[in-house]
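# Report on the structure
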Amino acid sequence: MTFVVTDNCINCKYMDCVDVCPVDCFHSGPNFLVIDPIECIDCSLCEPECPAGAIFKDTEVPEKYANFIELNSKLSAEWPVISIRTDTPQDAYKWDGIENKVKYLST
C-alpha cells in the first residue's frame, strides 16, 4: 500500500503533508508534490493533513485520478526529496477545487 497525490495538489502545493511524513517520501516539482511508492510506509499521516484533499490511499484513488498512481511513481524517480516544508504559493487558494488541473502540471 501507498498513498498518492492527485490533481488538486497542482498549483496548491500546501505541504502540510511534508511536515508529518516520518520517512521523507515526498518529492517536489515546480508546482506539484508526489509520493514515492517505494518509500511510503502507509502510515496515513499525510492524508488528513492535506488541506486540498489531494491525497488518497492507492486502493481508494477515485477512477478519474487513476493515472496519478503511475504519475507519482514516475515523477518521484525524477524529482528531489523534500523533507522540510517550504512556503505555500500565494495563489494556492485560487487553485483549490479546480478540476482537471493536470494540464497545468509543470515537470
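Further up the page is the structure itself.
Now for a description of the structure that goes with this document. (Residues numbered from 1 in each chain as written. Predicted model: local features only at pLDDT ≥ 70, side-chain atom pairs only at ≥ 80, totals over all residues. Heavy atoms only, no water.)

### Some details on the overall build of the chain
Each helix and strand counted, the chain has four helices and four strands in total. Ordered by position in the sequence, the α and β elements of the chain form the string β-α-β-β-α-β-α-α. In terms of overall size, the chain behaves like a compact globule, its C-alpha atoms giving a radius of gyration of 12 Å where 107 residues would be expected to give roughly 13 Å. Partitioning the contacts of the chain with sequence separation of at least 6, the portion at a separation of at least 24 is 76%. (Helix = DSSP H or I, 4+ residues; strand = E, 2+ residues; numbered from the N terminus. Rg over C-alpha atoms; globule rule 2.2 N^0.38 Å. Contact = heavy atoms within 4.5 Å.)

### Considerations on the side chain of H27
Within the fold, H27 resides in strand β2 (residues 26-28). One polar contact links the side chain of H27 to the main-chain carbonyl oxygen of W79, over a distance of 2.7 Å. Contacts of H27, omitting those with residues within four sequence positions, involve F32, L33, V34, D36, S76, W79, P80, V81 and I82. (Polar contact = N/O pair within 3.5 Å; in protein donor to acceptor, adjacent residues only side chain to side chain.)

### Notes on unusual backbone geometry
Trans is the common state for peptide bonds, and a negative phi is the common state for residues other than glycine. In this model, N11 sits at a positive phi of 70 degrees, which is unusual for a non-glycine residue. Relative to the helices and strands, N11 resides in the loop between β1 (3-5) and α1 (16-20). The class for N11 is buried, based on a relative accessible area of 15%. (Buried < 20%, exposed > 50% of the residue type's maximum accessible area, 1.4 Å probe, protein only.)

### Side note on the pattern of salt bridges
Applying the stated criterion across every chain, the model contains five salt bridges. Of the charged contacts in the structure, one is a salt bridge between R85 and D16, with a shortest N-O distance of 3.3 Å. On the criterion of sequence distance, the pair formed by R85 in the loop between α3 (67-78) and α4 (92-95) and D16 in helix α1 is long-range, its members being 69 residues apart. Judged by relative accessible area, R85 falls into the partly exposed class, the value being 34%. The exposure class assigned to D16 is buried, which follows from its relative accessible area of 19%. (Salt bridge = Lys/Arg side-chain N within 4 Å of Asp/Glu carboxyl O.)

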